[in-house]
Amino acid sequence: MMYPVVRKLQQKRVVLASASPRRQEILSQAGLRFEVVPSRFKEKLNKASFPTPHAYAVETAKQKALDVARRMHQKDLRAPDIIIGADTIVTIEGLILEKPVDKQDAYRMLSRLNGKEHSVFTGVAIIHCFSQDGQLDVEISQFYEETVVMFSQLSEELLWEYIHSGEPMDKAGGYGIQALGGMLVESIHGDFLNVVGFPLNHFCKKLAELYFPPGAVGLRRVKHDSIPTVDTFENLSEEEGAGQDDGGAQAQGTQDTGHDRTAKNLPPFPTGLLELISGFQASKALFTACNLKVFDLLQREAPLKAVDIASKIATSERGTGRLLDVCVALGLLQKTERGYSNSDLAALYLLSDGEFSLRGFIELNDKHTWAAFTHLESAIREGSSRDHRAVGDKAGGLLQDSCPGRDARLCFMRAKHGLAKLTARHVATALDLSPFSSACHLGGCTGALALELAREYPRLKVTVFDLPEVIEHVTCFQSSGPHTEQVSFVPGDFFKDSLPEADLYVLSGILHDWPDEKVHRLLSRISGSCKPGGGLLVAEVALDEDPRAARPGLLRSLSRLLQTQGGERSLVKSRQLLQLHGFRDVQVARTRDVLNVVLGTRPAT
C-alpha cells in the first residue's frame, strides 16, 4: 500500500514538522524520505473550546504544520511540497493529558491511568504547499486515529520506579508503550503505532486517497500573499477558509487578468478584522438561542424542522429559521434533511441541566456584562465606571453591586459554578497539595473547587467560606456522592469576620475583583491566620508577557474596570504579592486552561 505512494513522493520535498524521534523512525522505516523542521507553535489552544479531544489534537497538528510552512516560506520564498504535522494526546474521563511538566505531574497522570481504560488520539495534518510570485497557497488534509489502551493495576512502587527512569517526561500521558512503559499496559484495541506517536496505517490510506482518488477530491486551498501568523489560522474554520479563498482570488485579480494593475495595489482581505467588528452579533445569537431554550428543546426532541421549533418556542418561523442557520454556521447545531439537532459542543455546554453547563455564564454576560460594556468608552475616559467608583468593604462587593436581588445573585452563582466545574480539576492538580490536611476556600461560592480538592486528596477537609446570602443558596448546586462529607460551608465576610482555621487557604478568581489596597488587606488577614508551614493557593487568569497570549486576561481587565476597581495581574506580580505577605517557596504552575496557580507557604518556626 505504501510503495506506490512513496514512489509518487520521491521527487517531492517532504518535511516532518516534529522533533519526535519516534515519528521519524516510523516514517523512515516505511520508506519515506523527508527533512525534519520542528514546529515552534506554542501549544496554548484552549481545550475547552473544542467539542472533542480529537478535534483539539487535529487542530494542534494543523497549527504545527502551518507554522513550519510560514517560516520556510518567509525564509526561502518558497515552501516545501508537503509538510506533515502530528499531535498525540492521551484522554481519560474527558481530561486531556499531554506531556508531564515534572515527576509529580507524571505521577498524577499515571495514577489516573492506573487500572483503567483510556484513549490515545493522534491528529495528523498533511499540507500541500504551492508558491508563486511571493504568494503561498496551502491544501490541507487532516484526520485522527484513536487507540484504546488498558493499564494494569500497578503498585505505587512500580509507578515511581518507572517515573525515575526518566522515560515519561517527553511523552503524552507520561508513558511510552514501545519501551519500558509497555510493562504498564495490559491490552490495546487499535493501532499500536498510533500509541507510539504516529498512525502509519491511516496515514498510508490517506495518502492513497490523495494520490489515487476514485474521483476528483476537492481539498481546501487558502491563498495568502504571505501566510498568516498562527493566531490568524487559529480563528479560521473550514468555512472561513473557503470564504477567504473566494475573497482572496478577487482581491488578487486571479479571476480577471484585466484588473492586474488594480489588484497589485489592494491590501490583503481583512477577514479576521471583519469578524472582530461583527463578533458581537454571534454572541447575541448564542445568547438568544439559549434564552429561547432552543438547545434544551433539541436535546429532548431532535431532529426538528424550523417550523416545528418555532411552534414549540412561540416564535416566528422566518426569524427562527435564520437564527437556527446562524447556530449551524457557529458550530452549535447540525442540519440535515430531517431537521436541526444539537452539535456535540452544544450538548456538552449549552443545556440548562448539563454537568458542564455554561448557561449561567451566558446569562451573566447577556444580562449584566453586555450592558456594562455599553459604558466602556466613558469608563476608559474617566478611569472607572460611574456605577462602581466606590467598592465597599464587603467581601461580596462585585456580587452586591453587579447582581442585586435574589434572581441576579443566583445568576452570578450559576456563572461561577459553571466556570468552576471546567477549571476545578486543573486547579486541584496543578501543584502537590498532599502535605495539607485542611483547607479553607475563601469566596468559594458553590463549592465546586472544594469538592474537586476533596476528590483529589481524600484526607483533606475543605471549608467553603462565603457571604451568608451565598451560602443560603449552595444547596441548589450540591450533588450527592463520595467526598461531599469532606466539604463544609461557613457563612462570613473575609474582610471582616475571623477566618476559619486551616492549613491551606485558597483564593480562586477572587483577587482580580479588588484594587491593590483591598488585595493587600485580604492577604494580610490570611497571612495572620495562616499557621507556620501553612500555605496559600491563588488561582487567577494571569497576564502573559505575549499580548496575544494574554488576550483572555486583558479582556477580563476591561470587565473589571467596568464592574469593580480590580484587574488581572501578571504571574510575577502574583508571586511578589505572596512574598510581600510572608509566604516563601512560591511555586507557579500554568494549568491546561486559562487559569494559572501560585502556591506559597509560611516558614515553619
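Details of the structure are given in the entry above.
Since we're looking at a predicted model, the values are computed, not measured.

Colleague: Can you lay out the overall build of the protein chain for me, pointing to particular residues and giving the numbers?
Modeller: Looking only at helices and strands, one finds 25 helices and 17 strands in the protein chain. Taking all 605 residues of the protein chain together, 52% fall into the buried category. Here the analysis covers contacts within the protein chain between residues at least 6 apart in sequence; of these, 71% occur between residues at least 24 apart. A total accessible area of about 28,400 Å² is found for the protein chain, and carbon and sulfur atoms account for 51% of it.

Colleague: Residues and numbers for the packing of helix H12 (residues 279-291) against helix H15 (residues 317-329), please.
Modeller: The description of two helices packed together rests on the angle between their axes and the distance between the axes. Axis separation between H12 and H15 bottoms out at 10 Å; the angle between their running directions is 120°. Pair H12 / H15 crosses with left-handed handedness. Counting all contacts with H12, which are made through Ala285, Thr288 and Ala289, the residues of H15 involved are Leu323, Val326 and Cys327. Looking at side-chain class alone, the contact of H12 with H15 contains 5 nonpolar, 1 polar and no charged residues.

Colleague: How would you sum up the nonpolar core? Please name residues and give values.
Modeller: Among the nonpolar cores identified, the biggest contains 42 residues, and Ile84, Tyr175 and Phe203 are the most heavily contacted of them. When residues of this core are assigned to their parent elements, the largest contribution, 6 residues, is made by helix H7 (residues 200-211).

Colleague: Pulling in residues and values, what's your account of the pattern of salt bridges?
Modeller: For the structure on display, the rule yields 19 salt bridges. With a closest N to O distance of 3.1 Å, lysine 312 and glutamate 301 form a salt bridge. One end of the pair, lysine 312, is in helix H14 (residues 306-313); the other, glutamate 301, is in helix H13 (residues 294-301), with 11 residues separating them in the sequence. On the basis of relative accessible area, glutamate 301 is assigned to the partly exposed category, the value being 32%. Lysine 335 serves as the salt-bridge partner of aspartate 325, at 3.2 Å between the closest nitrogen and oxygen.

Colleague: Give a detailed account of the packing of H12 against helix H17 (residues 359-373), specifying residues and quantitative values.
Modeller: Contact geometry for H12 and H17: axes closest at 10 Å, N-to-C directions at 120°. The angle between H12 and H17 places the two elements in the oblique class. Relative to H17, H12 is oriented so that their crossing is left-handed. Contacts from Phe280, Ser283, Lys284, Leu286, Phe287, Cys290 and Asn291 of H12 reach H17 at Arg359, Ile362, Asn365, Asp366 and Trp370.

Colleague: Go over the environment of methionine 150 with me, naming the residues and quoting the values.
Modeller: Relative to the helices and strands, methionine 150 resides in strand S6 (residues 135-151). C-alpha of methionine 150 to C-alpha of valine 185: the two residues are 35 residues apart in sequence and 6.0 Å apart in space. Those residues in contact with methionine 150 that sit more than four places away from it in its chain are Gly115, Lys116, Glu117, Leu184, Val185, Glu186 and Ser187.

The rules behind the values
- Residues numbered from 1 in each chain as written.
- Predicted model: local features only at pLDDT ≥ 70, side-chain atom pairs only at ≥ 80, totals over all residues.
- Heavy atoms only, no water.
- Helix = DSSP H or I, 4+ residues; strand = E, 2+ residues; numbered from the N terminus.
- Buried < 20%, exposed > 50% of the residue type's maximum accessible area, 1.4 Å probe, protein only.
- Contact = heavy atoms within 4.5 Å.
- Areas by Shrake-Rupley, 256 points an atom, 1.4 Å probe, with all protein chains shown as cover.
- Axes fitted to C-alpha atoms, helices over the stretch in contact; angles between N-to-C directions.
- Left-handed = near helix turned anticlockwise from the far one by under 90°.
- Nonpolar A, V, L, I, M, F, W, Y, C, P; charged D, E, K, R; others polar.
- Core = buried A, V, L, I, M, F, W, Y, C linked by side-chain atoms within 4.5 Å.
- Salt bridge = Lys/Arg side-chain N within 4 Å of Asp/Glu carboxyl O.
- Parallel < 35°, antiparallel > 145°, perpendicular 65-115°, else oblique.

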